[in-house]
Amino acid sequence: MDQKHEMAVSKMRELVETQGIPTQKCLDQTFLRFLKAKSMNPEKAAMMFVEREKWREEFVPLGFIPESEIADQLGDKKIYLQGLTKIGQHPFLICISSRHFTSASKDPLQFKKFIVYLFDKAISSSFNEGKEIGNEKIMAAVDLKSFPYKSIDARGFTITCNLLKAYYPGRLGKMYMLNAPGFFVSFWRMFSVFLDKDIQERIIFVSSEKEKESFIKEIGGEILPEENGGQSKLIVVQDVIIHSQINDPMS
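Residues numbered from 1 in each chain as written. Predicted model: local features only at pLDDT ≥ 70, side-chain atom pairs only at ≥ 80, totals over all residues. Heavy atoms only, no water.

Asker: Mind laying out the state of the cysteines, listing which residues take part and the relevant values?
Answerer: Simply put, the disulfide is a covalent bond whose two ends are the sulfur atoms of two cysteines. Counted by the stated rule, this structure contains zero disulfides. Summary of cysteine pairing: Cys 161 is not part of a disulfide, and the nearest cysteine sulfur, belonging to Cys 95, is at 13 Å. By relative accessible area, Cys 161 is classed as buried at 6%. (Disulfide = S-S within 2.5 Å. Buried < 20%, exposed > 50% of the residue type's maximum accessible area, 1.4 Å probe, protein only.)

Asker: Before we move on, could you go through the domain arrangement of the protein chain and cite the residues and values that matter?
Answerer: Partitioning the protein chain into domains gives domain 1 (3-60) and domain 2 (67-239). Between the C-alpha centres of domain 1 and domain 2 there is a distance of 26 Å. Every contact between the two is made by 13 residues of domain 1 and, on the other side, 17 residues of domain 2. Across the domain 1/domain 2 interface, buried area totals approximately 1,200 Å², and carbon plus sulfur atoms make up 66% of it. Per-residue buried area on domain 1 facing domain 2 is highest for Arg 33, Trp 55 and Phe 59; these three make up 52% of the total on that side. In this structure, the connection of domain 1 to domain 2 is made through one salt bridge. Here Arg 56 ties to Asp 120 by a salt bridge, and the two come within 2.6 Å at their closest N and O atoms. Where domain 1 packs against domain 2, one counts three residue pairs in polar contact (both at pLDDT 80 or more). Contributions of two or more residues to the side of domain 1 that touches domain 2 are made by helix H2 (28-37) and helix H3 (42-59). Top contributing element to the side of domain 1 that touches domain 2 by residue count: H3, with six residues. (Domains from an automatic or database assignment. Contact = heavy atoms within 4.5 Å. Buried area = accessible area lost by both parts, 1.4 Å probe. Salt bridge = Lys/Arg side-chain N within 4 Å of Asp/Glu carboxyl O. Polar contact = N/O pair within 3.5 Å; in protein donor to acceptor, adjacent residues only side chain to side chain. Helix = DSSP H or I, 4+ residues; strand = E, 2+ residues; numbered from the N terminus.)

Asker: Could you give an account of the sheet that holds strand E1 (residues 79-84), with specific residues and numbers?
Answerer: Reading across the sheet, the five strands line up as E1-E2-E3-E4-E5 and stay open at both edges, with mixed pairing between neighbours. The sheet is open, and its two edges are formed by E1 and strand E5 (203-206), each paired on a single side. Between one strand axis and the next, the sheet turns by 20° as a mean value, whatever way the strands run. Bridge analysis of strand E3 (residues 138-143) against strand E4 (residues 172-178) gives six bridges, and the strand direction is parallel. Counterpart to Ala 140 in the pairing with E4 is Met 175. Of the strands in this sheet, E1, strand E2 (91-96) and E3 are in contact with helix H5 (residues 108-124), which crosses E1 at around 15°. Of the strands in this sheet, E1, E2, E3, E4 and E5 are in contact with helix H9 (residues 209-219), which crosses E4 at around 135°. (Pairing = 2+ DSSP bridges. Axes fitted to C-alpha atoms, helices over the stretch in contact; angles between N-to-C directions.)

Asker: I'd like a rundown of the packing of aromatic side chains, residues and numbers included.
Answerer: Applying the stated rule across the entire model yields 20 aromatic pairs. With a centroid separation of 4.9 Å and an interplanar angle of 70°, the aromatic rings of Phe 119 and Tyr 168 are classed as edge-to-face. Taken together, the residues Phe 119 in helix H5 and Tyr 168 in the loop between helix H6 (154-167) and E4 connect sequence positions 49 residues apart. The residues Phe 119 and Tyr 168 share a single accessibility class, namely buried. Considering the side-chain rings of Phe 184 and Phe 187, the 5.7 Å spacing of their centres and the 55° angle between planes classify their relative orientation as tilted. Placement of the pair is Phe 184 and Phe 187 together in helix H7 (residues 182-191), with a separation of three residues, close to one helical turn. Since its relative accessible area comes to 6%, Phe 184 is described here as buried. When its relative accessible area of 17% is taken as the criterion, Phe 187 is described as buried. Taken together, the aromatic side chains of Phe 147, Tyr 149, Phe 157, Phe 183, Phe 184, Phe 187, Trp 188, Phe 191 and Phe 205 make up a single cluster linked through ring pairs. (Phe/Tyr/Trp six-rings, centres within 6.5 Å; stacked < 30°, edge-to-face > 60°.)

Asker: Report on the layout of surface pockets, specifying residues and quantitative values.
Answerer: Remark: the empty space left among the atoms is shown by a probe the size of a water molecule rolled over them. Approximately 520 Å³ is the volume found for the largest pocket. Lining the largest pocket are 21 residues, with Arg 33, Ala 37, Pro 169, Gly 170 and Asp 198 sitting closest to its centre. Counting residues per element, the ones that place at least two in the lining of the largest pocket are H2, H6 and helix H8 (197-202). It is H2 that provides the largest number of residues to the lining of the largest pocket, a total of five residues. Across the lining of the largest pocket, the residue classes break down as nine nonpolar, three polar and nine charged. If you count residues domain by domain, the lining of the largest pocket takes at least three from each of domain 1 (3-60) and domain 2 (67-239). (1 Å grid on protein atoms, 1.4 Å probe; cavity = no way out; pocket = protein on both sides within 12 Å on 5 of 7 lines; lining within 4 Å. Points joined across faces, edges and corners; volume = space filled by probe spheres on them. Nonpolar A, V, L, I, M, F, W, Y, C, P; charged D, E, K, R; others polar.)

Asker: Break down the pattern of salt bridges for me, with residues and values.
Answerer: Throughout the structure, instances matching the rule amount to twelve salt bridges. A salt bridge links Asp 28 to Arg 13; the shortest N-O distance between them is 2.9 Å. Residue Asp 28 is located in helix H2, and its partner Arg 13 is located in helix H1 (residues 3-17); the two are separated by 15 residues in the primary sequence. A salt bridge links Glu 132 to Arg 171, with the shortest nitrogen-to-oxygen separation between them at 3.2 Å.

Encoded structure:
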């Protein structure tokens, strides 16, 4: 971290502490993620961090989301946590979109809890010797094979992106769209203009052979399921045991 970043982090810590929030356990890299999300403005970054802390205390009072509170979402078996990517050693989530139904986001509270559960578990899965470094990123893929038009869920995607932007700055590495049918590509062109620019840039459609080769190389055949060019079996997220998981993997 250069001197400019160190000064910004120091200032942000000071501002956060004036709000009555202790920062001794907060990593510099965590603060730096919030600073980058706010163009290195310590005042705005501190405000964002404080809001995130207050949200976390209210929305995740136990420090984690119990699986019993999202049983319906987990029951669809649509999200899989495959391990760490070959390049970057980032946790890799894959969604089988044909198993997702628009009714899933009609209960916004449960859907939000489900997304927080996914983010927290994925981040925790990449901890180094049980500890985080503060800038872990999530890699994800959405397999749109056999995806029906009626299952397009703009609300669910909006909820997910809003949570990322507000409470998980800097956590999304890339999100790959696989086997996208033509109607989804058309929908995406219209829908994506409403998303934050940073998130737009991290969503990548994989269609050509060259793009597929690049995707497989980055993620790694060892963790990619056979259906997507790898050698692994799908591992449903609730079956993955995270020994190093802590109550709040974000600070």
